[in-house]
Amino acid sequence: MTKLLEWLLGVSLIGISWGLVTFDLLDLQLPPQYKEMAWPMPVYLLVAFGCYSLATVGYRVATFNDCKDAAKELQAQIKEAKEDLKKKGLKM
């Protein structure tokens, strides 16, 4: 099962259960407090997902590893390319 299918399955289950509780489709005789709590639940979940996403991106940016060897190699390649272009007559 791919990650997309896992997410779609999870969202579908949450959406179906929310619809059943909110619109009382199974005639569960739930107290009104449950319906009042369930009605804004998608908004709460969306805000929680946004906070989680923001925290994940922030953490990954903060712990991003610098590749000093790769940076030195890239600088050497840039210098080599500039010298090669100068030999071919390009003015920089």
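Residues numbered from 1 in each chain as written. Predicted model: local features only at pLDDT ≥ 70, side-chain atom pairs only at ≥ 80, totals over all residues. Heavy atoms only, no water.

**Considerations on the side chain of Thr22**
Condition: Each helix is a run of H or I in the DSSP string that is no shorter than four residues. Each strand is a run of E no shorter than two, and both are numbered from the N terminus. Pairs of N or O atoms within 3.5 Å make up the polar contacts considered here, provided that, within protein, one atom can donate a hydrogen while the other can accept it, and that residues adjacent in sequence are counted only when both atoms are side-chain atoms.
With respect to the helices and strands, Thr22 occurs in helix 1 (residues 3–23). Within the local environment of Thr22, its side chain forms a polar contact with the backbone oxygen of Trp18, the two atoms lying 2.8 Å apart.

**Quick notes on the packing of aromatic side chains**
Put simply, the rule is: Stacked, edge-to-face and tilted labels apply to pairs of Phe, Tyr and Trp rings (six-membered ring for Trp) whose centres lie within 6.5 Å, assigned for plane angles under 30 degrees, over 60, and everything in between, in that order. When accessible area is computed with a 1.4 Å probe and restricted to protein chains, residues below 20% of their type maximum are described as buried, those above 50% as exposed, and intermediate ones as partly exposed.
Going through the model one piece at a time under the given rule, you end up with 4 aromatic pairs. A centroid spacing of 6.0 Å and a plane angle of 90° characterise the contact between Phe23 and Trp39, whose relative ring orientation is edge-to-face. Of this pair, Phe23 sits in helix 1 while Trp39 sits in the loop between helix 2 (32–38) and helix 3 (41–62); the two residues are 16 residues apart in sequence, bridging distant segments of the chain. Overall, the relative accessible area of 52% leaves Trp39 in the exposed class.

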